[in-house]
Amino acid sequence: SVHTRDQVELPPPAIDNRLTVHPLWPEIDRISTEQIQAAFEGVGGEIGWQLFAEEGDMRMYRREMEVDGMVTDPLKAMHKVRGVTAREMCHYFFNPRYRYEWETTLETMTIVEEISSDALVFHQTFKRIWPASQRDALFWSHVRQSTDNTYAVTNHSTTNVEYPANTSACIRLFVTVCLACRSSWPAGAAPTRDNITTSIAYCSTVNPGGWAPAGVLRAVYKREYPKFLKRFTNYVVEQCRDKPIAI
Ligand code: 6CM
């Protein structure tokens, strides 16, 4: 019926066997493990992280960084969302079916390869930001359970001969993103939509891949990242409201 969700399409609790035999597996496993670990490390006492957006439980930090004159500021965001699980959060972030509904910077999205139920390769083009050239990205995306009640999606740039960089109107950007989520509920109680809280750590590092004015880029990030995280988390809360909870 319309109110039951196929459990099979939720992120699987164990790694899909088809992924572990794929040539990208060693890289996907290593980078995902590193990213998930780093995502849960605090920014509190650390030098260099500057808070640039704060709203309710959401906090966003960045570290100003440039590589060959290009802005590559690492971004880290923390948030707390009530009424949804880590697994549900990651399901909506990973599954391309929902992407156009929450991703506002997107122009096109193509699934380049379906590696397994928990790993895909995407080609995406983004809306052009004046006065820079349009950007595209080619990246693998992997969703996994890390520990109990903890799920994460890692996205990382890759290459594919059928999708060469910098040939058309687009400059290829490079991205490493991790959305790591951990759910908790009162000890001794069963988890419900009323008592569950999910802590989110979102990390993103984007190399624009070619000339883009630093000031414009930083202004876009400052506006777009908070907008993305608020919109995405509200979207998941709305989607889950009348559905059975998926731990
Ligand atoms: O993590 C996010 N989205 C994922 C699914 O699309 C994926 C995307 C990574 C690429 C991030 C590139 C951002 C740079 C976009 C430049 C063009 C901005 C145009 C703005 C026009 C309105 O991991 C959420 C990414 C949120 C980015 C703000």
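Topologically, Arg-172 is positioned in strand β10 (residues 171-172). A polar contact is formed between the side chain of Arg-172 and the side chain of Asp-136, at a distance of 2.9 Å. Among the polar contacts made by the side chain of Arg-172, one reaches the main-chain carbonyl oxygen of Pro-164 at a distance of 3.2 Å. Discounting residues that sit within four places of it in the chain, Arg-172 has contacts with His-123, Asp-136, Ala-137, Leu-138, Tyr-163, Pro-164, Ala-165, Asn-166, Pro-208 and Gly-209.

On to the site of the ligand, then. Lining the immediate environment of the ligand, one finds 15 residues, of which Glu-103, Gln-124, Phe-126, Asn-155 and Tyr-202 sit closest. Glu-103 is positioned with one of its side-chain polar atoms (N or O) 2.6 Å from an oxygen atom of the ligand. At a separation of 3.1 Å, an oxygen atom of the ligand approaches a polar side-chain atom of Gln-124. Contributing elements (two or more residues each) for the shell around the ligand: α4 (99-102), β7 (119-126), β11 (174-184) and α5 (214-240).

Here we take up helix α2 (residues 25-39). Three- or four-residue spacings in an α-helix give side chains the same orientation, since the helix completes a turn every 3.6 residues. End to end, α2 covers 21 Å across 15 residues, agreeing with the expected 21 Å (1.5 Å per residue, within 8%). Of the residues making up α2, those classed as buried are Trp-25, Ile-28, Ile-31, Ser-32, Gln-35, Ile-36 and Ala-39. An end-on view of α2 places all buried positions within 140° of arc, on one side of the element. Seen from the open side of α2, the exposed residues pointing more than 90 degrees away from its buried face are Pro-26 and Gln-37.

Throughout the structure, instances matching the rule amount to 15 salt bridges. Of the charged contacts, one joins Arg-218 and Glu-66 as a salt bridge, the two residues approaching to 3.4 Å between their closest N and O atoms. Separated by 152 residues along the polypeptide, Arg-218 in helix α5 and Glu-66 in strand β3 (residues 66-67) bring together distant segments of the chain. Given the relative accessible area of 14%, Arg-218 is considered buried. By relative accessible area, which is 47% here, Glu-66 ends up partly exposed. The shortest N-O distance in the salt bridge between Glu-224 and Lys-227 comes to 3.6 Å. One end of the pair is Glu-224 and the other is Lys-227, both in helix α5 and 3 residues apart, which spans about a single turn.

Bridge count for strand β1 (residues 50-55) against strand β2 (residues 58-62) is 5 bridges, and the pairing is antiparallel. When the bridges of β2 are listed, Gln-50 appears paired with Arg-62.

Counting across every chain of the model gives 0 disulfides. Cysteine Cys-90 shares no disulfide, and the gap to the nearest cysteine sulfur, in Cys-181, comes to 4.1 Å. Since its relative accessible area comes to 0%, Cys-181 is described here as buried.

Met-60, Phe-93, Tyr-202 and Phe-232 are the most contacted members of the largest nonpolar core, which totals 46 residues. Ranked by residue count, the leading element in this core is α5, at 9 residues. Those residues in contact with Met-60 that sit more than four places away from it in its chain are Gln-50, Leu-51, Phe-52, Ala-53, Leu-75, Lys-76, Ala-77, Tyr-225, Pro-226 and Leu-229. Counting residues in hydrophobic clusters, the runner-up holds 11 residues, among them Leu-19, Trp-25, Val-112 and Trp-140.

This part is about the packing of helix α3 (residues 86-94) against α5. Contact pair α3 / α5: the axes reach a minimum separation of 10 Å and the direction vectors enclose 115°. Taken together, α3 and α5 sit at an angle that is classed as roughly perpendicular. Two packed elements cross with a definite hand, and for α3 against α5 that hand is right-handed. Facing Glu-88, Met-89, Tyr-92 and Phe-93 of α3, the residues of α5 in contact are Phe-228, Phe-232, Thr-233, Tyr-235, Val-236, Gln-239 and Cys-240. Looking at the contact of α3 with α5, its residues break down into 8 nonpolar, 2 polar and 1 charged.

Rules behind the numbers
- Residues numbered from 1 in each chain as written.
- Predicted model: local features only at pLDDT ≥ 70, side-chain atom pairs only at ≥ 80, totals over all residues.
- Heavy atoms only, no water.
- Helix = DSSP H or I, 4+ residues; strand = E, 2+ residues; numbered from the N terminus.
- Polar contact = N/O pair within 3.5 Å; in protein donor to acceptor, adjacent residues only side chain to side chain.
- Contact = heavy atoms within 4.5 Å.
- Near = heavy atom within 4 Å.
- Expected span 1.5 Å × (residues − 1).
- Buried < 20%, exposed > 50% of the residue type's maximum accessible area, 1.4 Å probe, protein only.
- Arc of directions from axis to C-beta.
- Salt bridge = Lys/Arg side-chain N within 4 Å of Asp/Glu carboxyl O.
- Pairing = 2+ DSSP bridges.
- Disulfide = S-S within 2.5 Å.
- Core = buried A, V, L, I, M, F, W, Y, C linked by side-chain atoms within 4.5 Å.
- Axes fitted to C-alpha atoms, helices over the stretch in contact; angles between N-to-C directions.
- Parallel < 35°, antiparallel > 145°, perpendicular 65-115°, else oblique.
- Left-handed = near helix turned anticlockwise from the far one by under 90°.
- Nonpolar A, V, L, I, M, F, W, Y, C, P; charged D, E, K, R; others polar.

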